[in-house]
Amino acid sequence: MSAIDLHTHSTASDGTFSPAELVRAAKKAGLTAIALTDHDTMEGLPEALETGVKAGVEVIPGCELSVESRVGVLHIVGLWVDPYSERLKRVFEQVRNRRVERNEIVVSNLQKLGFDITMEEVQGQAAGTIGRPHMARVMLQKGYVKSFDEAFDGYLGKKGKAYSPKDNISAEYAFDLLHSTEATPILAHPFLLSSDEDVLEQEVARLKEMGLHGIEVYYSSHTNNMTDRIKRLARKYELLPSGGSDFHGYVKPDIQLGKGTGNLFVHHSVLDGIKSFRQSRGLKI
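What comes next is a walk through the structure. (Residues numbered from 1 in each chain as written. Predicted model: local features only at pLDDT ≥ 70, side-chain atom pairs only at ≥ 80, totals over all residues. Heavy atoms only, no water.)

**With respect to the nonpolar core**
Point 1. Formed by 49 residues in total, the largest nonpolar core has its most connected members in Val 67, Ile 76, Val 81, Leu 187, Val 204 and Ile 215.
Point 2. No other element matches the five residues that helix H7 (residues 171–180) contributes to this core.
Point 3. Beyond its immediate sequence surroundings of up to four residues, Val 81 is in contact with Met 42, Leu 45, Pro 61, Gly 62, Cys 63, Leu 88, Leu 178, Thr 181 and Ala 183.
Point 4. Residues Val 138, Ala 151, Leu 156 and Val 251 belong to the second largest nonpolar core, which totals 20 residues. (Core = buried A, V, L, I, M, F, W, Y, C linked by side-chain atoms within 4.5 Å. Buried < 20%, exposed > 50% of the residue type's maximum accessible area, 1.4 Å probe, protein only. Helix = DSSP H or I, 4+ residues; strand = E, 2+ residues; numbered from the N terminus. Contact = heavy atoms within 4.5 Å.)

Put into structure tokens, the structure is as follows:
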């Protein structure tokens, strides 16, 4: 049975596999297609696309945007973005500049807590966009924490002692950006937005009106019950079902490419459905 993974990350953002390594790992795992959806960057897409042709793996060019909503931060995956869109590149540069400022605040907070960590050390861990996983890596290497989970739970996550919120773009702006490059917007890991069924449905309905086209029905942390709930939402609001592991490499060691925590399986027919939708609108695939 053909398996795919439409939510993955590389060293271009906060993953630990280079784009080429990621595609080759997908081939080894028996996947027929993957989407590279790095946070706020498209820098890894040319390498991934080129490697995909050589390895015989279909690579969907994508990205992932952090977006402000009425109920908190949500993530929107864009599939089939234009890797050379100048507008997207300019916006991503602005987002990365804001992230640099935030990173400096978080590192400063860590220093105030007594950790001997510098921005230079954090930068040394990154091949692309610098983020909190790279700080966690330094903390782990220096023995301040025993795991990435400990680093995020205690210091870098939303409830962590060193946390600083990120300045995200609005949902309206995110949809405008993605539509401008003829991408298909997908709501990623919907239960991270809210576990309350009414709140989640209200937000999905609102996002649909703004231009949301799909939702991740299949995700690493979804139980069968959660998958069924999102399937019903997708049918009710005529959203394309999508799915992926949110693979990052060893910064999320429990998540395997294409398999999530072990039970994930996204059939190739999911990709076929999204392609049919795009073709019906005259969009490239």
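**A closer look at a negative patch on the surface**
Point 1. Side chains of Asp 149, Glu 150, Asp 153 and Asp 254 sit close together on the surface and give a patch of like negative charge.
Point 2. Topologically, Asp 153 is positioned in helix H6 (residues 148–156). (Patch = residues over 30% accessible without salt bridge, like charges linked within 9 Å, V, L, I, M, F, W, Y side chains within 5 Å. Areas by Shrake-Rupley, 256 points an atom, 1.4 Å probe, with all protein chains shown as cover. Salt bridge = Lys/Arg side-chain N within 4 Å of Asp/Glu carboxyl O. Lys, Arg positive; Asp, Glu negative; His and termini not counted. Charge placed at Lys NZ, Arg CZ, Asp CG, Glu CD.)

**Here we look at the environment of Met 119**
Point 1. Mapping Met 119 onto the fold places it in helix H4 (residues 119–123).
Point 2. Residue classification places Met 119 among the buried residues on the basis of a relative accessible area of 15%.
Point 3. Considering only alpha carbons, one finds Met 119 and Asn 224, 105 residues apart in sequence, at a separation of 42 Å.
Point 4. When neighbours within four sequence positions are excluded, Met 119 is seen to be in contact with Asn 103, Glu 104 and Val 107.

**Some points on the pairing of strand S7 (residues 214–219)**
Point 1. By the criterion of burial, S7 is predominantly enclosed, with five of the six residues buried.
Point 2. With two bridges connecting them, strand S6 (residues 184–187) and S7 associate as parallel partners. The residue of S7 that forms the bridge with Leu 187 is Ile 215.
Point 3. Pairing of S7 with strand S8 (residues 240–244), which is carried by five bridges, proceeds in the parallel orientation. From the neighbouring strand, Tyr 219 faces S8, where its bridge partner is Gly 244.
Point 4. In this fold, the crossover linking S7 to S8 by way of helix H9 (residues 224–236) has right-handed handedness. (Pairing = 2+ DSSP bridges. Right-handed = clockwise from strand over helix to strand, strands pointing away.)

**Topic: helix H2 (residues 45–55)**
Point 1. All of the buried residues in H2 are Leu 45, Ala 48, Thr 51, Gly 52 and Ala 55. Projected down its long axis, H2 carries its buried residues within an arc of 130 degrees, all on one side. For H2, the exposed residues lying more than 90 degrees away from the buried face are Val 53 and Lys 54.
Point 2. Taken together, the buried residues of H2 touch helix H1 (19–28), strand S2 (31–36) and strand S3 (58–69).
Point 3. Gly 56 sits one or two residues past H2 and shows a positive phi near 80 degrees. (Arc of directions from axis to C-beta.)

**A short note on the packing of helix H3 (residues 86–112) against H7**
Point 1. Running from amino to carboxyl end, H3 crosses H7 at an angle of 145 degrees, the nearest separation of the two axes being 9 Å. The two elements H3 and H7 meet at a crossing, and its hand is left-handed. Within the contact between the two elements, H3 uses Arg 87, Leu 88 and Val 91 and H7 uses Tyr 173, Asp 176, Leu 177 and Ser 180.
Point 2. The residue makeup of the contact of H3 with H7, split by class, is four nonpolar, one polar and two charged. (Axes fitted to C-alpha atoms, helices over the stretch in contact; angles between N-to-C directions. Left-handed = near helix turned anticlockwise from the far one by under 90°. Nonpolar A, V, L, I, M, F, W, Y, C, P; charged D, E, K, R; others polar.)

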